[in-house]
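Take a look at the letters that make up each chain.
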Amino acid sequence: MNVDLVVDARGLSCPMPIVRTKKAMEQLQPGQVLEVQATDKGSLADIQGWAKNTGHQYIGTIEEGDVLKHYLRKANPTESKEETKYPHVVALDELQKKVENNEQVFILDVREEAEYVFGHIPGAYHIPLGQLSERMNELNKDETIYVICRTGNRSDLAAQQLAEKGFTHVFNVIPGMTEWKGTMIKGGNEQ
């Protein structure tokens, strides 16, 4: 495959692969192809979501050892769209107060399995972003859902996906688990 620019995001975690992808995409002409090399498994869902959100074409991903090579084609100005952000957000400290006060809250953690296992909010329901579309039936459309990830980027994409499927009480938690100061549990899903 002819590639016009290669971005090395190996060893970097969310949000850095997307940050580098955005910057590189600005250097390309419409129709040119970008290869993003990443080792963060979450980058697959991030890249796919970002491409869908901006109108750029996600071509595919090839896995070579522990490196994911993502391929994107820059959209023509008529194809691309302004990147959208999910409008309904809640501050992390507000969610933390709800948890500390033992309020009944439904927290959806969309980080990758390894991130979740190494520390998550007690009671958080885990569905990695890349599995969300096929597992939405596990969620209640009438319930208020607080979506969280590491920094607020994947949770933004997840909140948009949920809203598109008719979930009306969804909040993206920002800035995400990097700033969480409350109790955390290590290990797998409690559900």
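Conventions used here
- Residues numbered from 1 in each chain as written.
- Predicted model: local features only at pLDDT ≥ 70, side-chain atom pairs only at ≥ 80, totals over all residues.
- Heavy atoms only, no water.
- Salt bridge = Lys/Arg side-chain N within 4 Å of Asp/Glu carboxyl O.
- Buried < 20%, exposed > 50% of the residue type's maximum accessible area, 1.4 Å probe, protein only.
- UniProt positions renumbered as here; feature names shortened; annotations may be inferred.
- Helix = DSSP H or I, 4+ residues; strand = E, 2+ residues; numbered from the N terminus.
- Polar contact = N/O pair within 3.5 Å; in protein donor to acceptor, adjacent residues only side chain to side chain.
- Contact = heavy atoms within 4.5 Å.
- Pairing = 2+ DSSP bridges.
- Axes fitted to C-alpha atoms, helices over the stretch in contact; angles between N-to-C directions.

The next thing to look at is the pattern of salt bridges. This structure, assessed with the given rule, holds 10 salt bridges. Salt-bridge contacts for Lys69 lead to Glu64; the nearest nitrogen and oxygen are separated by 3.0 Å. Overall, the relative accessible area of 16% leaves Lys69 in the buried class. With relative accessibility at 44%, the residue Glu64 sits in the partly exposed group. Among the charged side chains, a network of salt bridges with common partners joins Asp46, Glu115 and Arg154.

Take the UniProt feature "domain: Rhodanese" (unreviewed entry) in the chain next. The sites that UniProt annotates as "domain: Rhodanese" (unreviewed entry) are residues 101-186. Between the first and last C-alpha atoms of residues 101-186 the distance is 21 Å; the span itself is 24% helix and 17% strand.

Quick look at the side chain of Asn172 now. Following the sequence through the fold, Asn172 ends up in strand 9 (residues 170-174). For Asn172, a relative accessible area of 2% translates into the label buried. Only 3.3 Å separates the side chain of Asn172 from the backbone oxygen of Gly152, close enough to count as a polar contact. Once residues lying within four places of it in the same chain are set aside, the contact partners of Asn172 are Tyr86, His88, Val89, Val90, Val147, Gly152, Ser155, Asp156 and Ala159.

On to the pairing of strand 6 (residues 106-109). Successive residues of a regular strand alternate their side chains across the two faces of the sheet. Burial along strand 6 is two-sided: the face carrying Phe106 and Leu108 and the face carrying Ile107 and Asp109 are both buried. Relative to strand 8 (residues 145-148), strand 6 runs parallel, the two being bridged by 4 bridges. By the bridge assignment for strand 8, Phe106 is matched with Ile145. Direction of pairing for strand 6 relative to strand 7 (residues 125-126): parallel, over a ladder of 2 bridges. Paired with Leu108 across the two strands is Tyr125, which belongs to strand 7.

Before going further, it helps to spend a moment on the sheet that holds strand 3 (residues 57-64). Overall, mixed pairing links the 4 strands, which are arranged 1-2-4-3 in an open sheet. Looking along the sheet, the strands with just one partner apiece sit at the ends: strand 1 (5-9) and strand 3. Pairwise comparison of adjacent strand axes, ignoring direction, gives a mean angle of 20 degrees for this sheet. Contacting strand 1, strand 2 (33-38) and strand 4 (67-73), helix 1 (residues 16-27) runs over the sheet at an angle of about 160 degrees to strand 1. On the sheet, helix 2 (residues 43-54) packs against strand 2, strand 3 and strand 4 and is oriented at approximately 5 degrees with respect to strand 4.

Ordered by their spatial adjacency, 5 strands build an open sheet running 5-9-8-6-7, and the pairing between neighbours is parallel. Strands with a single pairing partner mark the edges of an open sheet, and in this sheet they are strand 5 (89-91) and strand 7. Its contacts with the sheet place helix 3 (residues 92-100) against strand 5, strand 6, strand 8 and strand 9, and it is angled at close to 70 degrees to strand 5. Those strands touched by helix 6 (residues 153-164) are strand 6, strand 8 and strand 9, and its axis lies near 175 degrees from that of strand 9.

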